[in-house]
Amino acid sequence: MGNQLFQEARRFVEMAKSANPNDLDPAVAKAKNALSSAFANSTIAEQAQLQKMQQELDQIQ
């Protein structure tokens, strides 16, 4: 089944990356919140992927 919080974080990051400019700020905020929630409950390998997703978010802001 996998880590549900991790999967949710990935989904929110993808949504933020494809958001139109008017919706970008709230989409990024939701994605960052999901990343924070997922990080505490993830394996080291998942945490590395979450950090990469965080960097992707930082680049689109």
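Caption draft 1: The arrangement of the pattern of salt bridges in detail. Taken as a whole, this structure holds 3 salt bridges when the rule is applied. Across the salt bridge formed by Glu14 and Lys17, the nearest N and O atoms sit 3.4 Å from each other. Of this pair, Glu14 and Lys17 both sit in helix α1 (residues 4-17), 3 residues apart, roughly one helical turn. Relative accessible area serves as the criterion here: at 38%, Lys17 is assigned to the partly exposed category. Close ionic contact of Lys32 with Asp58 constitutes a salt bridge, the shortest N to O distance being 3.8 Å. A residue pair is termed long-range when its members are at least 10 positions apart, and Lys32 in helix α2 (residues 24-40) and Asp58 in helix α3 (residues 44-60) qualify at 26 residues. Given a relative accessible area of 27%, Lys32 falls into the partly exposed group. You can call Asp58 partly exposed: its relative accessible area is 42%. Among the charged side chains, a network of salt bridges with common partners joins Glu14, Lys17 and Glu56.

Definitions and cut-offs
- Position numbers for residues start from 1 in each chain and track the written sequence from start to end.
- Owing to the predicted nature of the model, reporting of local features is limited to residues with pLDDT of at least 70; listing and counting of side-chain atom pairs is limited to 80 or more, with chain, interface and lining totals taken over all residues.
- The basis for the side-chain values is all heavy atoms of the structure; hydrogens and waters are excluded.
- One side-chain nitrogen of Lys or Arg within 4 Å of one carboxyl oxygen of Asp or Glu is enough to make a salt bridge.
- Helical segments are the DSSP runs of H or I of at least four residues, strand segments are the runs of E of at least two, and each set is numbered from the N terminus.
- Working definition: with a 1.4 Å probe on protein chains only, accessible area under 20% of the residue-type maximum means buried, over 50% means exposed, and in between means partly exposed.

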